[in-house]
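For reference, the chains in residue letters:
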Amino acid sequence: MPVPSASALRRATSVLLLSALIWGAMIPVLAHLAQHYDKWLLALLRYLLGMPVLWLAMLGPKRPAAMPKPLHPGQLLQLGAAMAGFSVFYTFGVAHAHPATAAIVLMCGPIWATILAWLMLGTGTPPGFTLTLVLVVAGGVLVVLGAPGRTFGGSGLRGGEILLVIAQLCWSWYSIRAQQWLADRGQIALSALTSTVASVLLGLVCLAVWATIGIDWPTEVPSAVDLGMMAWVGLLGVAVAIVLWNVGVSMVGVAVASLFSNSAPVFAIGVAALMGVEPTWLQLVGGGVVMAGIAQLQLRQMRRVKR
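Residues numbered from 1 in each chain as written. Predicted model: local features only at pLDDT ≥ 70, side-chain atom pairs only at ≥ 80, totals over all residues. Heavy atoms only, no water.

## Concerning the overall build of the chain
Consideration 1: Counting its secondary structure elements, the chain contains eleven helices and zero strands.
Consideration 2: On C-alpha atoms alone, the chain measures out to a radius of gyration of 19 Å, which is about the 19 Å that the 2.2 N^0.38 rule sets for 307 residues.
Consideration 3: Judged by the C-alpha coordinates and their principal axes, the chain covers about 60 × 50 × 35 Å.
Consideration 4: Partitioning the intrachain contacts of the chain with sequence separation of at least 6 by distance along the chain shows that 91% fall at a separation of at least 24.
Consideration 5: If you sum the accessible surface of the chain, you get close to 14,700 Å²; carbon and sulfur atoms cover 71% of it.
Consideration 6: Side-chain charges of the chain comprise 16 positive and 7 negative groups, with the mean position of each set lying 25 Å from the other. (Helix = DSSP H or I, 4+ residues; strand = E, 2+ residues; numbered from the N terminus. Rg over C-alpha atoms; globule rule 2.2 N^0.38 Å. Contact = heavy atoms within 4.5 Å. Areas by Shrake-Rupley, 256 points an atom, 1.4 Å probe, with all protein chains shown as cover. Lys, Arg positive; Asp, Glu negative; His and termini not counted. Charge placed at Lys NZ, Arg CZ, Asp CG, Glu CD.)

Okay, structure coming up:
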């Protein structure tokens with residue numbers, strides 16, 4: 001991938017940090033909703049609520065000047081399957097892993113993204129990337145280890161960790177192939193098309209789960225607060241965050257973009273603090289390490305393009 005311009009780097013930094021902020025803020029919100037509603041229903045509901053917003057957003061921006069390539073149903077199915085696969089593997093992975101080890105595995109996401117991008121595209125990484133990779137992974141682990149009330153009794157490998165790695169590989173694969181196959185349609189159309197296919201596939205998965213192990217349907221009408229949280233998760237967590245992510249990937253590639261995803265738990269700390277959960281000093285240190293790692297890479301990139 002060619003070196004982005006200074007303006008593209010600034011824009012990529014903004015959209016990727018904003019997507020991380022949204023996904024980070026979703027963590028305590030989803031944790032609250034998961035206490036009252038089936039996690040499978042929540043996973044499907046996110047896409048169902050976000051999908052109409054994406055299609056409405058397509059009416060706003062101008063269409064691409066050049067005629068996009070014809071849609072290939074097989075490619076759309078693969079992209080939707082990768083998105084749905086991420087949700088399914090993530091759900092099972094978290095359910096069958098100790099929370100501490102699961103969170104640490106998720107913090108290693110940039111490593112898997114970098115390896116996959118190299119295997120699929122054969123592209124190198126910008127100067128300073130390795131240092132940033134070490135910093136964001138180490139800082140993310142500190143954030144996890146410093147979580148208030150975190151206990152490690154019974155931690156260790158339980159089998160779900162490999163599912164979490166597969167989930168991250170699904171998301172990175174989607175991010176790469178979506179740009180290769182659908183970028184000429186614009187990032188909003190790309191996100192709307194793939195999210196729609198993923199919604200249909202997730203619906204089929206939920207039907208299968210319902211028919212086998214069962215789904216816990218709500219027994220009471222959701223409160224106004226819960227409905228607001230669900231709408232917020234769908235509007236921002238899917239409709240807005242996925243578009244922002246795809247825009248960022250289109251400018252700097254999935255390897256660099258994945259580094260920003262480790263700042264999501266940092267933003268989650270801030271949201272949790274607003275909800276009355278004070279961060280620990282280890283979380284603050286870890287958050288500072290993550291943001292410092294991202295900052296040094298972007299500053300190095302900015303100096304590089306100004307030469």
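## What about the packing of aromatic side chains?
Consideration 1: Scanning the model with the defined rule gives eight aromatic pairs in all.
Consideration 2: Plain terms: the ring middles of Trp171 and Trp245 are 6.4 Å apart, the flat faces sit at 40° to each other, and that makes the pair tilted. You can see Trp171 sitting in helix H7 (residues 160-182) and its partner Trp245 sitting in helix H9 (residues 224-261), a full 74 residues away along the chain.
Consideration 3: Under the relative-accessibility criterion, Trp171 is labelled buried at 12%.
Consideration 4: Taken together, a centroid distance of 5.2 Å and an interplanar angle of 75° make the contact between Trp210 and Trp217 edge-to-face.
Consideration 5: According to the relative accessible area criterion, Trp210 is partly exposed, its value standing at 47%. (Phe/Tyr/Trp six-rings, centres within 6.5 Å; stacked < 30°, edge-to-face > 60°. Buried < 20%, exposed > 50% of the residue type's maximum accessible area, 1.4 Å probe, protein only.)

## A closer look at a nonpolar patch on the surface
Consideration 1: Taken together, the side chains of Val200, Leu204, Leu207, Trp210 and Trp217 define a hydrophobic patch exposed on the protein surface, amounting to about 550 Å² of accessible area.
Consideration 2: When you line up the elements, Trp210 lands in helix H8 (residues 187-212). (Patch = residues over 30% accessible without salt bridge, like charges linked within 9 Å, V, L, I, M, F, W, Y side chains within 5 Å. Salt bridge = Lys/Arg side-chain N within 4 Å of Asp/Glu carboxyl O.)

## Some words on the side chain of Ser191
Consideration 1: For Ser191, the location among the structural elements is in helix H8.
Consideration 2: Here Ser191 falls in the buried class, since its relative accessible area comes to 0%.
Consideration 3: A polar contact of 2.8 Å, which involves the side chain of Ser191, links it to the backbone oxygen of Gln187.
Consideration 4: Sequence-distant contacts of Ser191, that is, excluding residues within four places in its chain, are made with Leu54, Tyr174, Ile242, Val243 and Asn246. (Polar contact = N/O pair within 3.5 Å; in protein donor to acceptor, adjacent residues only side chain to side chain.)

## So, H8
In an α-helix, one turn spans 3.6 residues; hence positions three or four apart end up facing the same way.
Consideration 1: Relative to the 38 Å expected for 26 residues at 1.5 Å per residue, H8 spans 37 Å between its end C-alpha atoms, a close match to the ideal helical length.
Consideration 2: One or two residues past the end of H8 sits Gly214, with phi positive at roughly 90°. (Expected span 1.5 Å × (residues − 1).)

## What to know about the packing of helix H1 (residues 6-34) against H9
Consideration 1: Following both chains from N to C, one finds H1 and H9 inclined at 145°, their axes separated by 7 Å at the closest point. The chirality of how H1 crosses H9 is left-handed.
Consideration 2: Its residues assigned to classes, the contact of H1 with H9 shows 30 nonpolar, five polar and two charged. (Axes fitted to C-alpha atoms, helices over the stretch in contact; angles between N-to-C directions. Left-handed = near helix turned anticlockwise from the far one by under 90°. Nonpolar A, V, L, I, M, F, W, Y, C, P; charged D, E, K, R; others polar.)

## Focus: empty space enclosed by the protein
Consideration 1: A full pass over the atoms with the stated rule returns one cavity of 30 Å³ or more.
Consideration 2: Looking at the largest cavity, its volume works out to about 40 Å³.
Consideration 3: Every residue lining the largest cavity is listed: Leu33, Leu42, Leu45, Arg46, Leu49, Met230 and Val233.
Consideration 4: Those elements that provide at least two residues to the lining of the largest cavity are helix H2 (39-57) and H9.
Consideration 5: The element contributing the most residues to the lining of the largest cavity is H2, with four residues.
Consideration 6: Here the residues of the lining of the largest cavity sort into six nonpolar, no polar and one charged. (1 Å grid on protein atoms, 1.4 Å probe; cavity = no way out; pocket = protein on both sides within 12 Å on 5 of 7 lines; lining within 4 Å. Points joined across faces, edges and corners; volume = space filled by probe spheres on them.)

## Some points on the confidence of the model for the chain
Consideration 1: Across the chain, the average pLDDT comes to 84, with 91% of residues at or above 70.
Consideration 2: Per-residue pLDDT, averaged within each element of the chain, yields its smallest value for helix H4 (residues 99-107) (73) and its largest for H8 (93). (pLDDT = per-residue confidence, 0-100.)

## As for the packing of helix H5 (residues 109-121) against H9
Working note: a packed helix pair is described by the angle between its axes plus the distance between those axes.
Consideration 1: Following both chains from N to C, one finds H5 and H9 inclined at 175°, their axes separated by 8 Å at the closest point. Regarding the angle of H5 to H9, the classification is roughly antiparallel. In this structure, H5 contributes Pro110, Ala113, Thr114 and Ala117 to the contact, and H9 contributes Val254, Ala255, Ser258 and Leu259.
Consideration 2: The class makeup of the residues in the contact of H5 with H9 is six nonpolar, two polar and no charged. (Parallel < 35°, antiparallel > 145°, perpendicular 65-115°, else oblique.)

## Regarding the nonpolar core
Considering soluble globular proteins, one finds that nonpolar side chains tend to be buried as a cluster.
Consideration 1: Residues Trp23, Tyr174, Ile242, Trp245 and Val252 are the most contacted members of the largest nonpolar core, which totals 74 residues.
Consideration 2: Ranked by residue count, the leading element in this core is H9, at 20 residues.
Consideration 3: Aside from chain neighbours lying at most four places away, what touches Trp245 is Leu16, Ser19, Trp23, Trp171, Ser175, Val254, Ala257 and Ser258.
Consideration 4: Of all hydrophobic cores here, the second largest spans five residues; its members include Ala97, Val105, Leu164 and Val165. (Core = buried A, V, L, I, M, F, W, Y, C linked by side-chain atoms within 4.5 Å.)

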